[in-house]
Amino acid sequence: MRVGVIDTGLAPAVLAAGGVLLGEEQEAHGHGVLTSTLLTATIPPSALLCVPVFDQRGVTTPLAVAEALDRLCAEGVGMILLALGLAHDRDVLRDACQRAAAAGVLLVASAPARGGACYPASYPAVISVCGDARCQDGEASWLGGTPALFGASPLPPSSAPRTMAGASMAAARFVAWAYPRLIDVPDIAEALRTFPAACAYHGRERIGGGMHEENGGDDQRPAGRSGTDTAAGCRGGGDSGQHMA
């Protein structure tokens, strides 16, 4: 199975080992370096295909993400990581996610541990993942849809500062967790049904009657520039914050 990544680019080590970049890399923020490094915990670098969609400010558009989804589907990937988010539903993005799902492609997107809806994570065709501080490397949690379907550690690679922790890192870690469970599986839908039982934790993390402070970091941020859709709704706390304008 090949895995698509919609981000800023891929880590140099991933590219050197066979990762494919379908477009011009924009690594001013290093976001794709971190997510692709986490992905290679279980995924061969040569199985990764990335469509960079962000500019030097870390901003993209729903149309650019939709076009990236269509391109990755045309390349025959089986799963796509969307470590990004928008605070408002947009037809062009929703339709692209529906096309991908209809083609049998699994979509995984980062979701805020607190706050309102985030897209594409809130679409029915997408597996939503938020940060869960209970999870260690190689673990996932089943949250059942509140605040996301699944959780994973929000921490970045060990070489990166903890200020980069957030929902994006959790989504990348979940894709790495899911990948070996989907390889050579004849029925993907049946494999997905086994995921909750395979998780290390079930239900929301609660400490002292509330969510743990490190459950994905300060995942929910303000909606962005006034009068625009520059929401960073799914960027994790300390996450470099990939925006859609």
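The coordinates are above.
Residues numbered from 1 in each chain as written. Predicted model: local features only at pLDDT ≥ 70, side-chain atom pairs only at ≥ 80, totals over all residues. Heavy atoms only, no water.

Enquirer: Can you help me understand unusual backbone geometry in this one?
Expert: Leaving glycine out, the prevailing phi sign among residues is negative, and the prevailing peptide bond configuration is trans. The omega angle of the peptide bond from tyrosine 119 to proline 120 is 15°, so this bond is cis rather than trans. Tracing the chain through its elements places proline 120 in the loop between β6 (106–110) and β7 (126–131). Along the chain, threonine 146 connects to proline 147 via a cis peptide bond; the corresponding omega equals 0°. Positive phi values are uncommon outside glycine, yet aspartate 184 reaches one of about 60°. Along the polypeptide, aspartate 184 turns up in the loop between α5 (167–182) and α6 (188–193). (Helix = DSSP H or I, 4+ residues; strand = E, 2+ residues; numbered from the N terminus.)

Enquirer: Teacher, can you tell me more about the packing of aromatic side chains here?
Expert: The description of an aromatic ring pair uses the distance of the two centres, along with the angle that the planes make with each other. Scanning the model with the defined rule gives 7 aromatic pairs in all. Ring-pair connections join several aromatic residues into one group, and the members of that group are Trp142, Phe150, Phe174, Trp177 and Phe195. (Phe/Tyr/Trp six-rings, centres within 6.5 Å; stacked < 30°, edge-to-face > 60°.)

Enquirer: Can you walk me through the sheet that holds strand β9 (residues 150–152) in this structure?
Expert: Strand pairing in a sheet relies on backbone hydrogen bonds. The paired strands run either parallel or antiparallel. Taken in spatial order, the 9 strands make up an open sheet running β2-β3-β1-β5-β6-β7-β9-β8-β10, and their pairing is mixed. Looking along the sheet, the strands with just one partner apiece sit at the ends: β2 (20–21) and β10 (201–202). Running at roughly 160° to strand β1 (residues 3–7), helix α2 (residues 31–39) makes contact with β1, β3 (48–52) and β5 (79–82) of the sheet. (Pairing = 2+ DSSP bridges. Contact = heavy atoms within 4.5 Å. Axes fitted to C-alpha atoms, helices over the stretch in contact; angles between N-to-C directions.)

Enquirer: Explanation requested: the nonpolar core in the structure shown.
Expert: Taken as a class, soluble globular proteins show a tendency for nonpolar side chains to be buried jointly. With 37 residues, the main nonpolar core has Leu39, Ile43, Met79, Val129, Phe174 and Val175 as its most contacted residues. With 10 residues, α5 is the largest single contributor of residues to this core. Setting aside its immediate chain neighbours within four residues, valine 129 contacts Val108, Ala109, Ser110, Ala111, Ala148, Phe150, Gly151, Ala152, Ala167, Ala170, Ala171 and Phe174. One finds Leu22, Val51, Leu82 and Leu143 within the second-largest nonpolar core, a separate group that totals 31 residues. (Core = buried A, V, L, I, M, F, W, Y, C linked by side-chain atoms within 4.5 Å. Buried < 20%, exposed > 50% of the residue type's maximum accessible area, 1.4 Å probe, protein only.)

Enquirer: What should I look at first to understand the environment of cysteine 130 in this one?
Expert: Looking at where cysteine 130 falls in the secondary structure, it is placed in strand β7. The class of cysteine 130 is buried, set by a relative accessible area of 0%. When the C-alpha atoms of cysteine 130 and proline 154 are compared, they prove to be 7.6 Å apart, with 24 residues separating the residues in sequence. In this view, cysteine 130 contacts Ala111, Pro112, Ala113, Leu143, Pro147, Ala148, Phe150, Gly151, Ala152 and Ala170; residues no more than four positions away in its chain are not counted.

Enquirer: Quick question: what am I supposed to make of helix α4 (residues 91–102) here?
Expert: Each α-helix turn comprises 3.6 residues. Residues three or four places apart therefore point the same way. Along its 12 residues, α4 runs 16 Å from first to last C-alpha, staying within 8% of the 16 Å computed at 1.5 Å per residue. Every buried residue of α4 is listed here: Leu93, Ala96, Cys97 and Ala100. When α4 is viewed along its axis, its buried side chains cluster within an angular range of 100° and face the same direction. Among the exposed residues of α4, those pointing more than 90 degrees away from its buried face are Asp91 and Ala102. Following α4 by one or two positions, glycine 104 has its phi on the positive side, about 85°. (Expected span 1.5 Å × (residues − 1). Arc of directions from axis to C-beta.)

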